[in-house]
Amino acid sequence: MGNKELIEEISAGLADTYDRHRVVFVKGLGPWLWDVEGKIYMDFLCCYSTVNAGHCHPRIVRAVREQAGKLDAVSGAAYHEGLIFAKELAEFCGYDKALLMNSGAEAVERIIKIARKRAYIRMGIPRNRAKIIVCEDNFHGRTYGVLSASTEPHYTKNFGPFLPGFIKIPFNDTGALKKAIDGNTCAFLVEPIQAEGGIIIPDQGYLSRCKEICEKAGILFILDEIQTGMGRTGKILCGQHENVKPHLSTVGKFIGGGQIPVSAVLGDRGIIDILEAGEDGSTHSGFPPACAVGREVLRILKEERLEEKAAKTGEYLIGKLREIKSQHVKEIRGKGLLIGIELKPEAGGAKRFCQALLEKGIFCKEAHTHVIRLAPPLNISIELIDKAVGKFKEVLR
Ligand SMILES: *Cc1c(COP(=O)(O)O)cnc(C)c1O
């Protein structure tokens, strides 16, 4: 069967909520993906930064295989040795503790719980009155608590009523943050780069100013690093570009190595451990396979210095892209290997460019309407980058 026939068969049974390229992948290795017809593609999406070390990294595959034959789920009714992952992850990111979860959205849900409980127990905010400030055009996931913080009509229009207690302010606007804080505010949650929003990078100094403002007000400053974390932007966490350590961070995506959904909330003692036994949980959170993969991802990050590669290769790629003469391009911006090519509105949207790139053997996806998002594996070679740039040139001209 070819792509077309297989897609027809899949679509007959799949309740689909995605706008997918018309391609069926059957195999991945390093920066490469193969479709069912044997055509090969360079992966410039990496499942939104979930396969930062490339597909089927041999060490990650080995970790999955070994764990699969050793110990599976044991529940939260006991400990298992892999839970030492929490300490390793927290230390690696400069925190005391990690609360382990599965998906990114679940981690952000725990942020909401922690911030609210802290508001009532520590801050003296009247019960059910706590407010969390978030930014317009954010993306923190698709569960109800998280969606309640969204300003994207497409995600929310038909799904109300939502959770109260979110105040929405413009991104990259410290004045708006100051103005929005009142006696019932308990936290400010923000992405260090709005990736889904179109690779929107705030001004240098924005994050550190936000932290100052939050500290002064006694509220939590929280960064959602689910997409930007784990080396993608050229540092382990994107906040490190400004030497900012938020009170809480969320990580996800690549921490599961592309093999198992793993996410976490990171924080210091006294904040993150405000949730007590019985107040939270999830069947698979911190289960042995997740911990085994997460531990191997940490070792790979340490030993292969993926964030340094991302910084170097990213700078090179941005430079090469900026040399392309195209009447369609408005701006090229990025940090590390999280890069956006913003097209002029009259170019007719990024989607058709992504489709043209697919035909030329580059798999990528638009972010928002007018931005081509580029997020190749962090260990991609310069030779491949050059090859890809040739194809971008053809498509953008
Ligand atoms: C992907 C993402 C999420 C949601 O993660 P899921 O695993 O899809 O639930 C949250 N925040 C950011 C910044 C993300 O990129």
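Here, every reference points to the structure presented above.
Residues numbered from 1 in each chain as written. Predicted model: local features only at pLDDT ≥ 70, side-chain atom pairs only at ≥ 80, totals over all residues. Heavy atoms only, no water.

Draft legend 1. Expanded view of the overall build of the chain. Of regular secondary structure, the chain possesses 13 helices and 15 strands. Since a compact globule built from 397 residues should have a radius of gyration of about 21 Å, the 21 Å found for the chain is in line with a globular shape. Seen through its principal axes, the chain has C-alpha atoms that stretch 60 × 55 × 45 Å. Every one of the 397 residues in the chain was classed for burial, and the buried ones make up 54%. Taking all contacts inside the chain whose residues are at least 6 apart in sequence as the whole, residues at least 24 apart take part in 71%. Put simply, the chain shows about 18,100 Å² of open surface, and 51% of that area lies on carbon and sulfur atoms. In the chain, 55 side chains carry a positive charge and 49 a negative one; their mean positions are 2 Å apart. (Helix = DSSP H or I, 4+ residues; strand = E, 2+ residues; numbered from the N terminus. Rg over C-alpha atoms; globule rule 2.2 N^0.38 Å. Buried < 20%, exposed > 50% of the residue type's maximum accessible area, 1.4 Å probe, protein only. Contact = heavy atoms within 4.5 Å. Areas by Shrake-Rupley, 256 points an atom, 1.4 Å probe, with all protein chains shown as cover. Lys, Arg positive; Asp, Glu negative; His and termini not counted. Charge placed at Lys NZ, Arg CZ, Asp CG, Glu CD.)

Draft legend 2. Main features of the nonpolar core. Counting 61 residues, the largest nonpolar core has Phe-44, Leu-89, Ile-372 and Phe-392 as the members making the most contacts within it. Excluding residues within four positions of it along the chain, Ile-372 makes contact with Ile-339, Gly-340, Ile-341, Leu-343, Ala-350, Phe-353, Cys-354, Leu-357, Cys-364, Lys-365, Glu-366 and Leu-396. Judged by nonpolar contacts, the second largest core, of 27 residues, contains Ala-107, Tyr-120, Cys-186 and Leu-220. (Core = buried A, V, L, I, M, F, W, Y, C linked by side-chain atoms within 4.5 Å.)

Draft legend 3. The arrangement of the site of the ligand in detail. Around the ligand sit Ser-103, Gly-104, Ala-105, Phe-139, His-140, Gly-141, Glu-191, Asp-224, Ile-226, Gln-227 and Lys-253, and those are all the residues in its vicinity. Gly-104 places a main-chain nitrogen or oxygen 2.8 Å from an oxygen atom of the ligand. The side chain of Asp-224 places a nitrogen or oxygen atom 2.7 Å from a nitrogen atom of the ligand. Alone, the ligand offers 380 Å² of accessible surface; in the complex the protein occludes 81% of this. Tallied by class, residues from the shell around the ligand come to 3 nonpolar, 5 polar and 3 charged. (Near = heavy atom within 4 Å. Polar contact = N/O pair within 3.5 Å; in protein donor to acceptor, adjacent residues only side chain to side chain. Nonpolar A, V, L, I, M, F, W, Y, C, P; charged D, E, K, R; others polar.)

Draft legend 4. Fine view of the pattern of salt bridges. Following the criterion strictly, the structure yields 26 salt bridges and no others. One salt bridge connects Asp-19 with Lys-351, and the closest N-O pair in it is separated by 2.9 Å. Of this pair, Asp-19 sits in the loop between helix H1 (3–13) and strand S1 (25–29) while Lys-351 sits in helix H12 (residues 351–359), and the two are 332 residues apart along the sequence. Judged by its relative accessible area of 42%, Asp-19 falls in the partly exposed class. Notably, a salt bridge pairs Glu-366 with Lys-365, separated by 3.3 Å at the nearest N-O pair. You can call Lys-365 buried: its relative accessible area is 15%. Among the charged side chains, a network of salt bridges with common partners joins Arg-59, Glu-296, Arg-299 and Glu-303. (Salt bridge = Lys/Arg side-chain N within 4 Å of Asp/Glu carboxyl O.)

Draft legend 5. Fine view of the sheet that holds S1. Pairing is mixed across the open sheet formed by 4 strands, whose spatial order is S1-S2-S3-S13. Taken across any chain shown, the strands that pair with only one partner, and hence form the sheet edges, are S1 and strand S13 (362–363). (Pairing = 2+ DSSP bridges.)

Draft legend 6. Representation of the packing of helix H4 (residues 85–92) against helix H10 (residues 288–304) in the model. Interhelical geometry of H4 versus H10 gives an angle of 30 degrees and a closest axis separation of 9 Å. In terms of orientation, H4 lies roughly parallel with respect to H10. In the crossing of H4 with H10, the sense of the turn from one axis to the other is left-handed. Between H4 and H10, the contacting residues are Phe-85, Glu-88, Leu-89 and Phe-92 on the first element and Cys-291, Gly-294, Arg-295, Leu-298, Leu-301 and Lys-302 on the second. Residues of the contact of H4 with H10, tallied by class, amount to 6 nonpolar, 1 polar and 3 charged. (Axes fitted to C-alpha atoms, helices over the stretch in contact; angles between N-to-C directions. Parallel < 35°, antiparallel > 145°, perpendicular 65-115°, else oblique. Left-handed = near helix turned anticlockwise from the far one by under 90°.)

Draft legend 7. Molecular detail of helix H5 (residues 104–121). Over its 18 residues, H5 runs 26 Å from end to end, which matches the ideal 26 Å to within 8%, given 1.5 Å per residue. The element H5 is largely enclosed, with a buried count of 15 among its 18 residues. (Expected span 1.5 Å × (residues − 1).)

Draft legend 8. Summary view of H12. When we look at burial in H12, the residues that qualify are Phe-353, Cys-354, Leu-357 and Leu-358. What you see down the axis of H12 is that its buried residues fit within an arc of 145 degrees, all on one side. Contact partners of the buried residues in H12: strand S3 (40–43), strand S12 (338–343), S13, strand S14 (365–367), strand S15 (371–374) and helix H13 (382–396). After H12 finishes, the residue Gly-361 shows a positive phi value of roughly 90 degrees. (Arc of directions from axis to C-beta.)

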